[in-house]
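Chain and residue survey
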Amino acid sequence: MRRYRCGRIAALVAVAYVAGVGVVVAAGWITVAGAVVPVERPHLMELGPWARWVLLAVAVLQGWALWQVLRGPVSRDPLRVVPPGGAAGWLRVALYASVAHTLLLPLWPLDDAEWPIWTGALVRLAVIGLYVPVLAASLPRWARLGALVAGVAAVAADLGYGPADTPLWLWWAVPVLVGQARDPRWSRGTVWTGAIFSAAWLLHPTSFALRFPRGFDPGLLFEVAVVALAALGAVWEARSAHELTRPAEARPRAGRGPSFPLPLAGVAVALPLIPAAVNLAHGVPRAVGPGGAVADLLGISDRASLAWYGLDLLLGVGAPAVLVLAAVVWRTRAAVRATALALLGCAALVTVSALTLPPAPLGGTGPDLVPGEPPGPDPAALFPLWHAAALTAAALLLLALREGSPRRHGLLAATAAALALCFLPAADLAPGKVTTAEDCARAPGTGERAYLCAIRVNAVLDVAAGTPDHVLLARGRRLCAVHARQDPAELARLRTEEGVDPERLPWVVDDICPSAHAAVVAAEAVEEVEYEQSLAEERRKCDAAPRHRPLTTPAKAVRVAEPQWPDGSLSLFEAVGDSFDPLSQGVFAKALANGLVAGGRGHLVILTHSDVHACVTLETYARRPPVETGGWEHVVEVGYDSPAGDLRLRDDLSGIVLPDLSLRGRPGHYRVRVHVAWLPWNGGKYGTQRLLVMAYPGDGDDVRTYRTP
């Protein structure tokens, strides 16, 4: 068992800290417990019962960190453990100073924030500068100089002299970790502690306000874990300082293995490029795209989201092939294993994302790279599992080429089996003909083709893009059987498990299902009868409406026979012929201002009620008719300038086109007077609308309101 210089004292301090926090949490002193995890004071009282255990777990992690920091170096033979001199000795002092600064920073008064910021920056600059000569034996000069520049830039950015929230700190930490991994003084545990701390920094939420609802929130626990892992930074620095007392014996360099067989090495390099080439041919430069569990989990941090976006782009353009090529050229055991591990990790992330993506709707355009678009795979791209299969096969092939002969044969067999399982379709899912929307536009057809076109064009079923026709037909026949049986339990499962509304099921499969077709025909017959009855009712309303008796004889008068149902307005639009745009006058907004009508040059709008029909009468006069307000609730007169003498009111949404209101096709200026009243029906005040529109030649664009409701 290893012994440390201050191990017992450090253990007592750690146990006392954990026990004290445990007592505080158990006693319910929430304000004190907030010192364990940075919780905003207004949210401290929202701690649920489960949050006590989370705080206790964080306290255990911090107690372990205290033990790691305070225990000192390992107590071994004094001849083997000596205080280092030179740059290594000064680096040890700087690391201890950085650890002390991290531990004492929460105790500093909040009203004096400048002094700890600048002292911390000076200590970090000392650590960054001293790592350069200390790692001279394990890192090349260019890597050490790059790390120095990145570290200084990161400190400057933290002080406000550069872009904030950038990965500059990681560009310093990664070369340092690589150098520590190559240096015999530092253990693997120290290197892994630094790597986990760096990953936690990458995932750290950019705007963090910790809340504890009473329900279980996995995303919240992930945030708490990321914040708690910040304690590993002090552990990494302390262990790095402790282990500088170890002897700097040179590690034997790993020799390169024998050359890989060229054909198999080429296959390993080409495998990640195959799905990337297919995606790029369809204009999709990403392997996964928006959505998925990984993207949702990393969404708590802008840095993490940007890192996942970059990794997705690299996988989508085939960048892992470069990594495989480097491993094939280098041929060391460490390079091959690290490359295989990286490929398998990326394959796992892609697999998790692929299995949690929502299916792409047929006829959609796929995901856009603009944030805020709905997630889902692009229908023109390969499914992400193909990328995962290619990365897995490349990793297995690399390991097979590097291992010895007996294990090589086994890995080659595993690779071949994985390729066969991943790239060869199952018998019942074999690719087949896919009817496209273009095929349906050319020849819609009936029966099975009509059913397929309804899915491809109208998306009556929520299925993945590229699903073969025979799979859709098999599902349609199964749904037909479900409709024919009319089992309530089976129909309920259809709604909950497949998202198919049983009430709309007949319209989904009526082209291939006799029972559904009969149900659709019966339902349409009922709807037709109801529509005819409703239209007859509206005709009776208009017939019962009092006919308008003009005080002077109009040039023409039209009582529209059929009830009209405009969708909120009737409009009159004439092309002016020059560069003037009639829509630029804001006529619709002016009509909203007086609640009825507005006009301008080539554009006139009459507002109507969109929920009821209207009984319309149109009258055209050669001169100004007398004003009539009796029996009307709203009367407004406006000016209208007709460039072509075509005054036909219309509603394109409802397909309404009314007769011409012009005086024998005369262009020029008109005055249009609109009358509106409600016709009671069956005891109700709002049975239907009565609409009387008068038009006559006249000057003036002023709005005259003769009666308001």
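Placed above this text is the structure.
Residues numbered from 1 in each chain as written. Predicted model: local features only at pLDDT ≥ 70, side-chain atom pairs only at ≥ 80, totals over all residues. Heavy atoms only, no water.

The next point concerns the packing of aromatic side chains. Scanning the model with the defined rule gives three aromatic pairs in all. Linked through ring pairs, Tyr131, Trp172, Trp186 and Trp236 together constitute an aromatic cluster. Directly above the aromatic system of Trp507 lies the positively charged group of Arg504, at a separation of 4.6 Å from the ring centroid. Above the ring of Trp632, the side-chain terminus of Arg690 is found at 4.4 Å from the ring centroid. (Phe/Tyr/Trp six-rings, centres within 6.5 Å; stacked < 30°, edge-to-face > 60°. Lys NZ or Arg CZ within 6 Å of the ring centre and 35° of its normal.)

In this section: the state of the cysteines. Summed over all chains, the structure comprises two disulfides. Here Cys480 pairs with Cys513 through a disulfide, and the sulfurs are 2.1 Å apart. A torsion of 75° about the S-S bond marks the disulfide between Cys480 and Cys513 as right-handed. Here Cys513 lies in the loop between helix H23 (505–509) and helix H24 (514–544) and Cys480 lies in helix H21 (residues 469–485), a separation of 33 residues in the sequence. Each member of the pair, Cys480 as well as Cys513, carries the same accessibility label: buried. (Disulfide = S-S within 2.5 Å. Helix = DSSP H or I, 4+ residues; strand = E, 2+ residues; numbered from the N terminus. Buried < 20%, exposed > 50% of the residue type's maximum accessible area, 1.4 Å probe, protein only.)

This part covers the nonpolar core. The nonpolar side chains of a soluble globular protein tend to be buried with one another. Core analysis: the biggest nonpolar cluster contains 32 residues, and Phe260, Val324, Val328, Leu343 and Leu398 have the highest contact counts within it. Taken together, the elements giving at least two residues each to this core come down to helix H11 (262–270), helix H14 (302–316), helix H15 (320–330), helix H16 (333–355) and helix H17 (384–402). The dominant element in this core, judged by the number of residues it contributes, is H17, at nine residues. Every residue in contact with Leu343, bar those within four places of it in the chain, is listed here: Pro320, Val324, Leu391, Ala394, Ala395 and Leu398. The next biggest cluster of nonpolar side chains, apart from the first, holds 31 residues, and it includes Leu91, Ala154, Leu170 and Trp172. (Core = buried A, V, L, I, M, F, W, Y, C linked by side-chain atoms within 4.5 Å. Contact = heavy atoms within 4.5 Å.)

This brings us to the pattern of salt bridges. Enumeration over the complete set of coordinates arrives at 15 salt bridges. Between Glu490 and Arg485 there is a salt bridge, and its shortest N-O distance comes to 2.8 Å. Given a relative accessible area of 17%, Glu490 falls into the buried group. Classification of Arg485 as partly exposed rests on a relative accessible area of 49%. Across the pair Glu637 and Arg671 runs a salt bridge, and its minimum N-O distance is 3.0 Å. Taken together, the residues span a long stretch of sequence, with Glu637 in strand E6 (residues 634–642) and Arg671 in strand E9 (residues 668–681) at a distance of 34 residues. On the basis of relative accessibility, which here comes to 1%, the residue Arg671 falls in the buried class. A cluster of three or more residues bridged by salt bridges with shared partners is formed by Glu637, Arg671, Arg673, Asp702 and Arg704. (Salt bridge = Lys/Arg side-chain N within 4 Å of Asp/Glu carboxyl O.)

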